[in-house]
Amino acid sequence: MVQFFRKLLGNKPHPQKEGTSDRATTAPLSDHQIQSIIYNQSPRYETQQLVAGTGQSVGKQSEHNEDSLLAITTTVSGGSGNIPFGLYIVADGMGGHQFGEVASNAAIRMMAGHILRAFHSYLFNLPTTPMQEPLQEIMEAAIKDAHRYVQREAPGSGTTVTAALVLGQQVTVAHVGDSRAYAVYPDGRISPVTRDHSLVKRLEELGHLSPDEAATFPHRNVLIRALGQGDTLEADIFTVPFPQPGYLLLCSDGLWGVVAEQDISRATVESPNLHRACQNLVEAANVAGGPDNISVILIQLIG
């Protein structure tokens with residue numbers, strides 16, 4: 001690793017170009033300085049930024065992947081401030097091979113297109129245009145657009161959707177179905193952010209099933225709400241603080257329905273980086289039998 005940094009930084013000062021300031025000089029770092037960079041456990045981040053990883057697998061018992069995911073991470077930083085912006089969506093399609101994957105893929109693309117168009121002037125135009133719509137209204141309009149498209153283009157199908165729009169330190173969530181968002185903390189705590197729209201969850205809320213009975217309920221996959229099904233869509237739309245210090249996890253039931261929450265937390269916290277954590281989570285679900293498609297997104301806000 002030290003040799004890598006030496007190659008990257010150079011072993012001797014670069015010759016000063018004619019006309020440059022006397023202060024514009026470079027010098028090689030000492031071994032002690034390089035080691036300090038490599039092994040610093042508490043780096044100081046002057047720019048707040050989002051970091052994300054993704055993982056996906058068809059699983060061990062499915063022939064087709066009806067899950068779709070999307071992860072967009074952007075930071076705009078400069079003299080006018082710092083804007084961490086991210087959009088993350090997991091969708092688990094249903095209705096058979098073709099229609100299921102059409103529904104989930106259409107949902108993430110339609111939602112992302114609507115949201116990015118709404119944010120384009122705010123993020124990329126000069127002069128910057130302030131947002132005119134509340135974030136929750138943007139998310140609600142986006143998920144309803146996707147609902148109408150799926151009904152029209154893939155009738156009879158449907159999909160879950162769990163979407164997280166991160167702007168600064170706030171997360172605006174749009175959720176329907178039984179994919180999930182979790183807050184995962186470094187001390188091992190894991191807390192659901194979303195509530196399942198499933199028959200088993202409703203029976204549990206009404207007191208007809210205990211948590212242990214719900215875990216083994218034979219119709220756990222029956223949904224009472226899904227995008228693309230029903231004349232109207234009632235999605236959960238809300239805003240919560242980004243878990244700090246911690247991680248935001250989005251996943252389909254191919255992960256949370258197979259791997260215990262404490263194992264999800266441990267794999268997240270103990271992995272060296274988010275990309276490896278996502279792969280470890282996918283592998284854990286496959287080792288446990290991989291009965292369904294698996295999708296996972298992990299997001300961290302640093303700085």
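Residues numbered from 1 in each chain as written. Predicted model: local features only at pLDDT ≥ 70, side-chain atom pairs only at ≥ 80, totals over all residues. Heavy atoms only, no water.

### Digging into unusual backbone geometry
So, point 1. For the peptide bond that leads from Leu126 to Pro127, omega is -5°, which places it in the cis range.
So, point 2. Residue Pro245 follows Gln244 across a cis peptide bond; omega there is -10°.
So, point 3. Secondary-structure assignment places Pro245 in the loop between strand E9 (236-241) and strand E10 (247-251). (Helix = DSSP H or I, 4+ residues; strand = E, 2+ residues; numbered from the N terminus.)

### Details of helix H8 (residues 261-270)
So, point 1. Listed in full, the buried residues belonging to H8 are Ile264, Ser265, Ala267 and Thr268. End-on view of H8: buried residues confined to an arc of 165°, all on one side of the axis. For H8, exposure combined with an orientation more than 90 degrees from the buried face picks out Gln262 and Glu270.
So, point 2. Taken together, the buried residues of H8 touch strand E7 (180-184), strand E8 (190-192), E10, helix H7 (253-256), helix H9 (274-287) and strand E11 (294-302). (Buried < 20%, exposed > 50% of the residue type's maximum accessible area, 1.4 Å probe, protein only. Arc of directions from axis to C-beta. Contact = heavy atoms within 4.5 Å.)

### Focus: the nonpolar core
So, point 1. Among the nonpolar cores identified, the biggest contains 29 residues, and Ile89, Met111, Ile115, Phe119, Ile143, Val161 and Leu227 are the most heavily contacted of them.
So, point 2. Looking at this core, the elements that each hand over two or more residues are strand E3 (81-94), helix H3 (97-124), helix H4 (135-153), strand E5 (161-167) and strand E6 (170-176).
So, point 3. With 9 residues, H3 is the largest single contributor of residues to this core.
So, point 4. Core analysis: the next-biggest nonpolar cluster, separate from the first, contains 20 residues, Leu281, Val282, Ile294 and Val296 among them. (Core = buried A, V, L, I, M, F, W, Y, C linked by side-chain atoms within 4.5 Å.)

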